[in-house]
Every structure is written in structure tokens, then in C-alpha cells.
Amino acid sequence: AVDEDELLRRALEASQREQEASERRRLVEEQDAEYHASLQADRARENGLQPASTDVVDGAEGKVDQFDEEVSQLAAMGFDAAAARSALQACGGNIAAAADRLLA
């Protein structure tokens, strides 16, 4: 018979593995969003178009990205904030296009 301590140890290990897997998935999604934003910018340059600006501007409380409000809206819809920011940058701040991109 497996004692209670062994069951607790197994549950803790399973929980830790799930947390690590969740963090890896989040990082992969963030990297994927960055990759797609970079790819779209490269394609825009190849076609002679100017990609959306991703510059950080000075705000009242230090440096603030130009898409903070839109990122908040997409995050409220359940999207990862970093992925939302990358999608917004790739879509020139168009929240509907960014949402479509995140769902694709």
C-alpha cells in the first residue's frame, strides 16, 4: 500500500510538472507571436510598405507602449498580454485584426 506521504509527494511532483509545462507553453506562444510579427514586418518591407511602428514612447509614468489600452482589452478577452501586444504591433494597432490573428 502507498502511504499518504508518497501520495502527497506524487501530487506535488505532478503539480510542478504542470506548472513547468504551462510556463513552456506560454513562452512558446510568446515567441510564436513575436516570430509572426517579425515575419509580417519583413513581408511588408519586401513589398515596399512601412510596417507598423513598434517604438516605445515616453509617457507620464515612464516608458509606455503605444498599445497598452488595446492590450488590456485583448487580455480581458482571455488572450495572453505578450501575444496580444505582438499581434497589435503586427496589425498596426487594429484590435479586430489582432484578435483575428490571435485566433488563427
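Structural notes, computed from the coordinates. Counting of residues starts from 1 at the beginning of each chain's written sequence and follows it residue by residue. Where totals are concerned, whole chains, interfaces and linings use all residues; where local detail is concerned, this predicted model gives features only for residues with pLDDT of at least 70, and gives and counts side-chain atom pairs only at 80 or more. Excluding hydrogens and water, the side-chain values take into account all heavy atoms of the structure.

What follows concerns the nonpolar core. Side chains of nonpolar character tend, in soluble globular proteins, to be buried together. Think of a nonpolar core as a cluster: buried Ala, Val, Leu, Ile, Met, Phe, Trp, Tyr and Cys residues, connected wherever their side-chain atoms sit within 4.5 Å. Only protein chains enter the calculation, and the probe is 1.4 Å; a residue is then buried if its accessible area is under 20% of its type maximum, exposed if over 50%, and partly exposed in between. Listed in full, the 9 residues of the largest apolar core are Phe 67, Val 71, Leu 74, Phe 79, Ala 84, Ala 87, Leu 88, Ala 98 and Ala 99. Elements with a minimum of two residues in this core: helix H2 (68–76), helix H3 (81–90) and helix H4 (95–103). Examining the composition of this core, we find that 3 residues originate from one element, H3, more than from any other. For this analysis, residues touch if any pair of their heavy atoms sits within 4.5 Å. Residues in contact with Phe 79, not counting those within four places in the same chain, are Leu 74, Ala 99, Leu 102 and Leu 103. Strands are runs of DSSP state E lasting at least 2 residues, helices are runs of H or I lasting at least 4, and numbering of each runs from the N terminus.

The buried fraction of H3 amounts to 7 of the 10 residues, a majority that puts the element mostly inside the structure. Listed as buried for H3 are Ala 83, Ala 84, Ser 86, Ala 87, Leu 88, Gln 89 and Ala 90. The distance from a side-chain oxygen at the start of H3 to the backbone nitrogen of Ala 82 is 3.2 Å, and the residue carrying that oxygen is Asp 80. Looking one or two residues beyond H3, the residue adopting positive phi is Gly 92, at roughly 65°. The definition of a polar contact used here is a pair of N or O atoms within 3.5 Å, where within protein one atom must be able to donate a hydrogen and the other to accept one, and adjacent residues in sequence count solely through side-chain atom pairs.

This part is about the packing of H3 against H4. Note on method: axes are straight lines fitted to C-alpha atoms, helices fitted across the in-contact stretch only, with angles between N-to-C directions ranging 0 to 180 degrees. For the pair H3 and H4, interaxial distance at closest approach is 8 Å and the crossing angle is 125°. Accordingly, the angle class assigned to the pair H3 and H4 is oblique. Two packed elements cross with a definite hand, and for H3 against H4 that hand is right-handed. Residues Ala 83, Ala 84, Ala 87, Leu 88 and Ala 90 of H3 pack against Ile 95, Ala 98, Arg 101 and Leu 102 of H4. Under the convention adopted here, Pro, Cys and the residues Ala, Val, Leu, Ile, Met, Phe, Trp and Tyr are nonpolar, Asp, Glu, Lys and Arg are charged, and Gly plus all remaining residues are polar. Residues that form the contact of H3 with H4 fall into these classes: 8 nonpolar, no polar and 1 charged. When describing relative orientation, an angle under 35 degrees is termed roughly parallel and one over 145 degrees roughly antiparallel, while 65 to 115 degrees is termed roughly perpendicular and anything else oblique. Helix crossings get a hand from a simple test, with the near helix turned counterclockwise from the far one by less than a right angle marking a left-handed crossing and a clockwise turn marking a right-handed one.

Time to look at the packing of helix H1 (residues 4–46) against H3. Packing of H1 against H3 leaves a shortest axis separation of 8 Å and a crossing angle of 5°. Comparing their axes, H3 and H1 come out roughly parallel. Counting all contacts with H1, which are made through Glu 30, Ala 33, Glu 34, Ala 37 and Gln 40, the residues of H3 involved are Ala 82, Ala 83, Ser 86 and Ala 90. When its residues are assigned to classes, the contact of H1 with H3 shows 5 nonpolar, 2 polar and 2 charged.

When a carboxyl oxygen of Asp or Glu lies within 4 Å of a side-chain nitrogen of Lys or Arg, that pair is called a salt bridge. Applying the stated criterion to the full structure yields 7 salt bridges. Residue Glu 18 pairs with Arg 25 through a salt bridge whose shortest N-O separation is 3.2 Å. Its relative accessible area of 46% is what places Glu 18 among the partly exposed residues. Residue classification places Arg 25 among the partly exposed residues on the basis of a relative accessible area of 44%. A single network of salt bridges, built from pairs that share partners, joins Glu 6, Arg 9, Arg 10 and Glu 13.

Shape is all these values report; function is a separate question.
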